[in-house]
Amino acid sequence: MSLPAYTGTLGRVWHYTFLAICGFVFFLLMAPILVIIPLSFNAEPYFTFSEGMVRLDPEAYSLRWYEDVLGFGEGTGANRGHEWAFAARNSIVIAIFATLIATTIGTLAAVGLSRPQMPFRRPIMALLISPLIVPIIITAAGMFFFYSSVGLAYSHLGVVLAHAAIGTPFVVITVTATLVGFDETLIRASSSLGAQPLRTFFKVILPLITPGIVSGALFAFITSFDEVVLIYFLADADQKTIPIQMWSGLRQQISPSILAVATLLITFSVILLVAVELLRRRSERLRGMSPQ
Amino acid sequence: MNTLAQPQTIMIDGVPLKDQLAKAERRKQITAFLLVAPLLVFIIFTFVIPIGNMLTRSVDNPRMSELMPDMVESLEEWDGKELPSEAIFEVMFEEINRNIETSTIGRVATHVNYNMAGARSLFLKSKRKFKKISGPPYKEQMIAGDKRWGEVRTWRIIKAVSDPVTAAYFLNAVDRSFDAEGNIIQQPEQKRIYVTLFLRTLWISALVTLLTLILGYPIAYLISTTPPRISNLLIIMVLLPFWTSLLVRTTSWIVLLQTQGVLNDIMVWLGVLSEEGRIQMIYNLNGTLVAMTQILLPFVVLPMYSVMKTIPLSQLRASQSLGANPVITFFKIFWPQSIPGIGAGGLLVFVLSVGYYITPALVGGASGQMISNQIAFHMRSSLNWGLAAALGTILLVGVMALYWLYDRIVGIDNMKLG
């Protein structure tokens, strides 16, 4: 947004005011995330910058909270580190299985929904996306009663199914988006060359929609990985995950270890975000759209 | 396929082309549907049925039919005008005795007591009084034991609470209740909390929507008008919070805003505030508003951006070259074309914020609580599941109405995820 030469003084003033406003909004978006990273290296058990940190005194920084979390430090709690490792393992296992289920059936559904012959497309689509819209507390309450009555509450399977259900809309949305403008002639070309529908799917359709599938899967993964309310209602100590551990930490006695966990999670999200962005661009290249 | 040519084209095998095409079309429909079917079945079983099941609890009232089935049945025939007959008294006598034997009389008493103060003692006292009654007539002896058995009002209340379907939870959810005569009355002043809470939820959602729109519009404009090299970076800055754990962002706000937090420290250090004058910026309505606005901002920026990038910048230059100043250009050219984006983003944020739970629970304190928090409270702490279900039903109906509106105006297909 460079300014044209004919811009008047008022225009210039406005332009810079505008940029300042935008700068402020971006600051608002980023600051809460960025502030937590240096604080997690605080040597003191406080949630604010100590004087030493402001002076960049290396003494004021330490890795003690990370040692706490990862479980090889002295630790303040009896076995806090062990707890986080246990939660991390649960989080990852649950998220992986939920993602697998959500991605498989979500992709199939997206392929079906993108067929022009799909009957009742609109209401079915609305139903399939609804887990994204229905307030999580209602979903959690409903699942709590139902899963208790069929014996799925307080089990890994129950949590996986619940997480898969709220993850599917993301897969449906991203894969359907990749299929928009999908060249139907490719399918006919493949058939006319003698390929069975299944072969067409694996050889022609799948490679083209892979970026959409992967980014949908990442969305489903992060949804499960970050989910706390369903766990709060459906799980007990055996299914404790990182978010629920943070949740109880924040509600009871907030410990600086949480900041270390938060920093680790931020790093994780940056990796996922970069992966999704790269996939999106690849997908646009594959489909012959110019990258934006 | 009725656009196809006249009378009938008969294929070699003697079947009309039209029929063959229709058949092929139907087969394609079935294939498409079969592809969707696994997910549809999965969502119905793991999501739709559980929620439907929960909703029925909002009107479900099984307690009396479980504990006193015969009594409930015999009261069905009673017209409620004058005292029930001897036969009904006898059934009641036996049902109470049976519940005394199974030690469930306390549950009956509690249940009736919800609608009739003192009903608890009426039932519990019968443990002692009924021992003296050895045979008929039950009516007189029961009334002699406690004269409330001789009041039509008592029987009406028992009949009312025995109904397997009840509107009581819904009435409770809108601060109303039944009085003894079955009329709907307002709850006493200090118990009227839910209507206020619903209104506050709408108010918070509206404020959050407005704030996200005001903050999001400039940056969506900036992103859509800068060259890709810069705008790609800016989009990543919008997406990063979107991908960061909700709990992490809420934690950040606690760290930033609490009284001993970073922001207060900075202001004390700058001398704006005194050490004693630190401001309470979190654990109240303000905390909910600030945190929710930041958390939902990406949801409004992305739809606005995707609409704005379709507005050709050449139109803006054309307008300026025709003599319009930048202000007029913006309001005549850019603004009208960006309205669909505002609608899409605003509606999405509103829908999402109406059901918000985690952030208000963690940073909302007492004044920043929303309806979801109250539902969670009744689910987990007070265990009044009927009320939780009734509040949930009202919330769900509201959200579904907004969702329907969103689908009509924006279309679910146009939902963007980065």
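Caption draft 1: Summary view of the overall build of chain A. For chain A, the helix and strand inventory stands at 12 helices and 0 strands. Order of helices (α) and strands (β) in chain A, N terminus to C terminus: α-α-α-α-α-α-α-α-α-α-α-α. Here the C-alpha radius of gyration of chain A, 24 Å, is well above what a compact globule of 292 residues would show, namely 19 Å. The buried share among the 292 residues of chain A stands at 52%. For chain A, the proportion of contacts with a sequence separation of at least 24, taken over those separated by at least 6, is 66%. Counting only carbon and sulfur atoms, one obtains 67% of the accessible surface of chain A, whose full area is about 13400 Å². Computing the positive centroid from 18 side-chain charges and the negative centroid from 16, chain A places the two 17 Å apart.

Caption draft 2: Expanded view of the overall build of chain B. Summing up its helical and strand segments, chain B has 19 helices and 2 strands in all. On C-alpha atoms alone, chain B measures out to a radius of gyration of 32 Å, which is more than a quarter above the 22 Å that the 2.2 N^0.38 rule sets for 418 residues. C-alpha atoms of chain B, sized along the principal axes, occupy 100 × 95 × 35 Å. A buried classification covers 48% of the 418 residues belonging to chain B. Across chain B, contacts joining residues at least 24 apart in sequence account for 67% of those joining residues at least 6 apart. With 36 positive and 29 negative side-chain charges, chain B shows a separation of 9 Å between the mean positions of the two kinds.

Caption draft 3: Focus on the domain arrangement of chain B. Examined at the domain level, chain B breaks down into domain 1 (63–163) and domain 2 (194–414). Taking the mean C-alpha position of each, domain 1 of chain B and domain 2 of chain B sit 55 Å from one another.

Caption draft 4: The arrangement of a nonpolar patch on the surface in detail. Nonpolar side chains collect at one region of the surface, where I92(A), V93(A), I96(A), F97(A) and L100(A) lie side by side and expose about 440 Å² of accessible area between them. Of note, V93(A) is situated in helix α4 (residues 80–114).

Caption draft 5: Region of interest: the environment of S50(A). Residue and element names in this part refer to chain A. In this structure, S50 sits in the loop between α1 (9–39) and α2 (51–54). When the C-alpha positions of S50 and A60 are compared, they lie 7.4 Å apart, and in sequence the two are 10 residues distant. In contact with S50, other than residues within four places in its own chain, are N42, E44 and A60.

Caption draft 6: Quick peek at unusual backbone geometry. Residue Y283(B) is not a glycine yet carries a positive backbone phi of 60 degrees. Assignment of secondary structure puts Y283(B) in the loop between α13 (262–270) and α14 (285–308).

Caption draft 7: Layout of the packing of helix α5 (residues 121–133) of chain A against helix α1 (residues 17–56) of chain B. Following both chains from N to C, one finds α5(A) and α1(B) inclined at 45 degrees, their axes separated by 10 Å at the closest point. What the angle tells us is that α5(A) and α1(B) run oblique. Our pair here, α5(A) against α1(B), has a crossing hand that is left-handed. Where α5(A) abuts α1(B), its residues I124(A), L127(A), L128(A), S130(A) and P131(A) lie against F33(B), V36(B), L39(B), L40(B), I43(B), I44(B), F47(B) and V48(B). Residues belonging to the contact of α5(A) with α1(B) are distributed by class as follows: 12 nonpolar, 1 polar and no charged.

Caption draft 8: Spotlight on the interface of chain A and chain B. Taken together, the contacts link 92 residues of chain A with 91 residues of chain B. Summing both partners gives a buried area of about 8400 Å² for chain A against chain B, and 80% of it is carried by carbon and sulfur. Of the charged contacts in the structure, one is a salt bridge between D407(B) and R122(A), with a shortest N-O distance of 3.4 Å. The interface formed by chain A and chain B contains 8 residue pairs in polar contact (both at pLDDT 80 or more). The element contributing the most residues to the side of chain A that touches chain B is α1(A), with 15 residues. Taken together, the residues of the side of chain A that touches chain B sort by class into 73 nonpolar, 11 polar and 8 charged.

Caption draft 9: Geometry of the nonpolar core. Counting 169 residues, the largest nonpolar core has L128(A), Y147(A), M246(A), W247(A), W243(B) and I358(B) as its most contacted members. By residue number, the principal contributor to this core is helix α10 (residues 194–225) of chain B, which donates 13 residues. What Y147(A) contacts, discounting residues up to four positions off in sequence, is L152(A), A153(A), G158(A), L161(A), A162(A), L234(A), T46(B) and P50(B). Core analysis: the second largest hydrophobic core is formed by 29 residues, V108(B), L122(B), F130(B) and Y138(B) among them.

Caption draft 10: Region of interest: helix α11 (residues 242–251) of chain A. By the criterion of burial, α11(A) is predominantly enclosed, with 8 of the 10 residues buried. For α11(A), every residue scored as buried is listed here: I242(A), P243(A), I244(A), Q245(A), M246(A), W247(A), G249(A) and L250(A).

Caption draft 11: Representation of empty space enclosed by the protein. In total, this model carries 5 cavities of 30 Å³ or more according to the counting rule given. Forming the walls of the largest cavity are 35 residues, and the residues nearest its centre are F170(A), T223(A), L246(B), F299(B) and Y356(B). Elements supplying a minimum of two residues to the lining of the largest cavity: α5, α6 (136–149), α7 (156–179) and α9 (197–225) of chain A together with α11 (228–243), α12 (246–257), α14 and α16 (326–354) of chain B. Grouping the amino acids of the lining of the largest cavity by side-chain chemistry returns 26 nonpolar, 5 polar and 4 charged. By volume, the second largest cavity amounts to about 40 Å³.

Caption draft 12: Focus on a positive patch on the surface. Positive charge collects at one region of the surface, where K127(B), R128(B), K131(B) and K132(B) lie side by side. By the secondary structure assignment, R128(B) is in helix α6 (residues 119–129).

Caption draft 13: Representation of a negative patch on the surface within the structure. Residue and element names in this part refer to chain B. Judged by side-chain charge, D70, E73, E76, E77, E90, E94 and D163 come together as a negatively charged surface patch. Broken down by secondary-structure element, the contributors of at least two residues to the negative patch are α3 (69–77) and α4 (86–101). At 4 residues, α3 tops the list of elements feeding residues into the negative patch. A residue is classified by how much of its surface remains accessible, and E73, at 53% relative accessible area, is exposed.

Criteria and thresholds
Residues numbered from 1 in each chain as written. Chains lettered and ligands numbered in written order. Predicted model: local features only at pLDDT ≥ 70, side-chain atom pairs only at ≥ 80, totals over all residues. Heavy atoms only, no water. Helix = DSSP H or I, 4+ residues; strand = E, 2+ residues; numbered from the N terminus. Rg over C-alpha atoms; globule rule 2.2 N^0.38 Å. Buried < 20%, exposed > 50% of the residue type's maximum accessible area, 1.4 Å probe, protein only. Contact = heavy atoms within 4.5 Å. Areas by Shrake-Rupley, 256 points an atom, 1.4 Å probe, with all protein chains shown as cover. Lys, Arg positive; Asp, Glu negative; His and termini not counted. Charge placed at Lys NZ, Arg CZ, Asp CG, Glu CD. Domains from an automatic or database assignment. Patch = residues over 30% accessible without salt bridge, like charges linked within 9 Å, V, L, I, M, F, W, Y side chains within 5 Å. Salt bridge = Lys/Arg side-chain N within 4 Å of Asp/Glu carboxyl O. Axes fitted to C-alpha atoms, helices over the stretch in contact; angles between N-to-C directions. Parallel < 35°, antiparallel > 145°, perpendicular 65-115°, else oblique. Left-handed = near helix turned anticlockwise from the far one by under 90°. Nonpolar A, V, L, I, M, F, W, Y, C, P; charged D, E, K, R; others polar. Buried area = accessible area lost by both parts, 1.4 Å probe. Polar contact = N/O pair within 3.5 Å; in protein donor to acceptor, adjacent residues only side chain to side chain. Core = buried A, V, L, I, M, F, W, Y, C linked by side-chain atoms within 4.5 Å. 1 Å grid on protein atoms, 1.4 Å probe; cavity = no way out; pocket = protein on both sides within 12 Å on 5 of 7 lines; lining within 4 Å. Points joined across faces, edges and corners; volume = space filled by probe spheres on them.

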